[in-house]
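These are the residues of each chain, in order.
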Amino acid sequence: ENEIKGQLLNITTYHLLLAMYLSNDTICHFLLTEEEITFDDLTKEEISFTEEAKTNFTKEFEEIIILSSKIAKEVESEYVYDEHIFYAILTHEQNCASYLLKKLSLNLNNLKQDIIDIFNFYNNEPIIIGHLPMLNSFAIIDGNHRVMSRYKKDIKAIKAYPLELKDHYFAM
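Residues numbered from 1 in each chain as written. Predicted model: local features only at pLDDT ≥ 70, side-chain atom pairs only at ≥ 80, totals over all residues. Heavy atoms only, no water.

Draft legend 1. Representation of the packing of helix H2 (residues 13–22) against helix H3 (residues 27–34) in the model. Between H2 and H3, the shortest axis-to-axis distance is 6 Å and the interhelical angle comes to 85 degrees. By the angle class used here, H2 and H3 are roughly perpendicular. Contacts between H2 and H3 involve Leu17, Met20 and Tyr21 from the first element and Cys28, His29, Leu32 and Thr33 from the second. Its residues placed into classes, the contact of H2 with H3 shows five nonpolar, two polar and no charged. (Axes fitted to C-alpha atoms, helices over the stretch in contact; angles between N-to-C directions. Helix = DSSP H or I, 4+ residues; strand = E, 2+ residues; numbered from the N terminus. Parallel < 35°, antiparallel > 145°, perpendicular 65-115°, else oblique. Contact = heavy atoms within 4.5 Å. Nonpolar A, V, L, I, M, F, W, Y, C, P; charged D, E, K, R; others polar.)

Spelled out as C-alpha cells, the structure:
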C-alpha cells in the first residue's frame, strides 16, 4: 500500500499527457498521432522534475485540472472531458507536458486551434439545415461538429438557419 501511495504522489502533467496519449479515443492521441508523434517520442525525451514533482501532485497539475474545469464551463460542458484537459495543458504553457511538446517542435497554438475547430469551442454560430419534404425532415448542411459537440454536452437545442429545398437542392 505504501508503495502505491508513493507512486500516486509523483503525478505531473507529463504523466497526464502520457495517459491521454495511451488512450486511443482521446483528442491528445488523435492530434499527436496526426503529427507523427509516437509514445517513444514522448518517453525518450529527458524531463527534469522539480523536487515538488517528486513528492506530490504538483502545483502545475492542480492548475491544469482547475483550468480544464473552467474551460469546460466556458464551453457549456457539464463534465470535464479529455479535450478540456489537453486544451488546458496547451494553454497553460508552464508545465512539463507543454515543455515536452515544444521540445518535440510542436506548435501549441496550432494544436489548440485544432481542438477549437474539432469540438467547436466558443463557436455559437447557427448551423445550416436543408428541408427535405419527401422525408418530412431536415438534413444538416453545415454544422455537424457543432451538433455533435452539443450532443456530447447534453445540450438539446441549437440555433439553425433552415433552407427550403429549392435553395439547397443543387448544392447538395
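Draft legend 2. How the structure looks around helix H7 (residues 82–91). Counting buried residues along H7, nine of its ten residues qualify, which places the element largely inside the surrounding structure. Buried within H7 we find Asp82, Glu83, His84, Ile85, Phe86, Tyr87, Ala88, Ile89 and Leu90. Buried positions along H7 lie against H2, H3, helix H6 (59–74), helix H8 (96–103), helix H9 (108–119) and helix H10 (144–152). (Buried < 20%, exposed > 50% of the residue type's maximum accessible area, 1.4 Å probe, protein only.)

Draft legend 3. A look at the packing of H7 against H9. Relative orientation of the contacting elements H7 and H9 amounts to 155 degrees, with a least axis distance of 9 Å. Judged on the interaxial angle alone, H9 and H7 are roughly antiparallel. Crossing handedness for the pair H7 and H9: left-handed. Contact with H7, carried on its side by Glu83, Phe86, Tyr87, Leu90 and Thr91, involves Leu108, Leu111, Lys112, Ile115, Ile116 and Phe119 of H9 and no other residues of that element. The residue makeup of the contact of H7 with H9, split by class, is eight nonpolar, one polar and two charged. (Left-handed = near helix turned anticlockwise from the far one by under 90°.)

Draft legend 4. Molecular detail of the sheet that holds strand S3 (residues 160–163). Strand order across the open sheet formed by three strands is S2-S1-S3, with mixed pairing between neighbours. If you trace the sheet from one side to the other, it starts and ends with strand S2 (137–142) and S3, each paired once. Recorded for the sheet is a direction-independent mean angle of 35 degrees between the axes of neighbouring strands. Here strand S1 (residues 127–132) runs beside S2; their pairing, made up of five bridges, is antiparallel. Bridge pairing links Gly130 to Ala139 in S2. (Pairing = 2+ DSSP bridges.)

Draft legend 5. The packing of aromatic side chains, seen in detail. Under the counting rule described, the total for this entry stands at two aromatic pairs. With a centroid separation of 6.3 Å and an interplanar angle of 75 degrees, the aromatic rings of Tyr79 and Tyr81 are classed as edge-to-face. With relative accessibility at 23%, the residue Tyr81 sits in the partly exposed group. (Phe/Tyr/Trp six-rings, centres within 6.5 Å; stacked < 30°, edge-to-face > 60°.)

Draft legend 6. H8, seen in detail. Taken as a whole, H8 has its buried residues at Cys96, Ala97, Ser98, Leu100 and Leu101. Against the buried residues of H8 lie H2, H3, helix H4 (39–44), H6, H7 and H9. Following H8 by one or two positions, Ser105 adopts a phi angle in the positive range, close to 65 degrees.

Draft legend 7. Quick look at the nonpolar core. Counting 35 residues, the largest nonpolar core has Leu17, Leu32, Leu42, Phe86, Leu101, Ile115 and Phe121 as the members making the most contacts within it. Beyond its immediate sequence surroundings of up to four residues, Leu101 is in contact with Leu17, Leu32, Leu42, Phe86, Leu90, Leu106 and Leu108. (Core = buried A, V, L, I, M, F, W, Y, C linked by side-chain atoms within 4.5 Å.)

Draft legend 8. Here's a closer look at the pattern of salt bridges. Enumeration according to the criterion identifies three salt bridges in this entry. Across the salt bridge formed by Lys44 and Asp41, the nearest N and O atoms sit 3.5 Å from each other. Of the two residues, Lys44 and Asp41 are both situated in helix H4; the distance of three residues between them amounts to about one turn of the helix. With a shortest N-O distance of 3.3 Å, Glu93 and Lys102 are connected by a salt bridge. Residue Glu93 is classed as partly exposed on the basis of its relative accessible area, which comes to 30%. Judged by its relative accessible area of 38%, Lys102 falls in the partly exposed class. (Salt bridge = Lys/Arg side-chain N within 4 Å of Asp/Glu carboxyl O.)

This is a description of form; function is not addressed.
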